[in-house]
Amino acid sequence: MPANELLFHMIDGATQPVAPFSHAVEAGGFVFLTGQMPDTPEDKGVLPEGITAQTRNVMANLTTILHGLDLDLSHVVSVRAYLTEFQRDYAEFNATYETFFPADRRPARTCIGTTGLAYDALVEIDLVARR
């Protein structure tokens, strides 16, 4: 792929977008994944209860998109997480999140408290991966 070419990806089997966006956009060897919600491809807008279950669903949705691009979590270089109940859920979110990455290969990360997310979700995560 030429350095200035952009590829826009929609992944079969991934969750349906809640707004007009691509699941991922590829540019210059980097792949930018749109923030994922904690619903499932089978149940759009239906969320499990609690930050642990929602974090697991979000990570599963991100992994589905990565796999659709022949990538996995080992390719992730940066993560942004958004929590609607930051003070309450931060520690439990971290305990769940850290299970997805080896301690010596954790991507850069920003975690942000926010006032609201689509579907009244507790968590949304987007990320950047590199081929």
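Residues numbered from 1 in each chain as written. Predicted model: local features only at pLDDT ≥ 70, side-chain atom pairs only at ≥ 80, totals over all residues. Heavy atoms only, no water.

1. A word on a nonpolar patch on the surface
How we decide: Every patch collects residues that have over 30% relative accessible area and no salt bridge, joining them within 9 Å if they carry like charges and within 5 Å if they are nonpolar side chains (Val, Leu, Ile, Met, Phe, Trp, Tyr). Accessible surface area values rest on a Shrake-Rupley calculation with a 1.4 Å probe, where residue burial reflects the displayed protein chains alone. A side-chain nitrogen of Lys or Arg and a carboxyl oxygen of Asp or Glu constitute a salt bridge if their distance falls within 4 Å. Here a helix means four or more residues in a row that DSSP labels H or I, a strand means two or more in a row labelled E, and each is numbered from the N terminus. Three labels apply to residues, based on accessible area from a 1.4 Å probe with only protein chains included: buried if under 20% of the type maximum, exposed if over 50%, partly exposed otherwise in between.
A surface patch of nonpolar side chains, about 240 Å² in accessible area, is lined by F30, F32 and V77. Within the secondary structure, F32 is located in strand β3 (residues 30–36). Its relative accessible area of 41% is what places F32 among the partly exposed residues.

2. Here's the deal with helix α2 (residues 86–97)
Spelled out, the test is: To estimate how far a helix should reach, multiply one less than its number of residues by 1.5 Å. In this description, one arc is meant: the one made by directions from the helix axis to the C-beta atoms.
Under the 1.5 Å per step criterion, the end-to-end length of α2 is only 14 Å for twelve residues, more than 12% shorter than the ideal 16 Å. Residues of α2 that are buried include every one of D89, F93, N94, T96 and Y97, and no others. Seen from one end, α2 has its buried residues packed into an arc of 155 degrees, which puts them on one side. Those residues of α2 that are exposed and angled more than 90 degrees off the buried face are Q87 and A91.

3. Re the pairing of strand β6 (residues 123–130)
Note the cut-off: For two strands to count as paired, DSSP must find a minimum of two bridges between them.
Taken across its eight residues, β6 has seven buried, putting it largely inside the fold. In this sheet, β6 lies alongside β3 in antiparallel orientation, the contact comprising five bridges. Within the sheet, the bridge partner assigned to F30 lies in β6 and is R130. Pairing of strand β4 (residues 76–83) with β6, which is carried by seven bridges, proceeds in the antiparallel orientation. Bridge assignment links L83 to a residue of β6, and that residue is V123.

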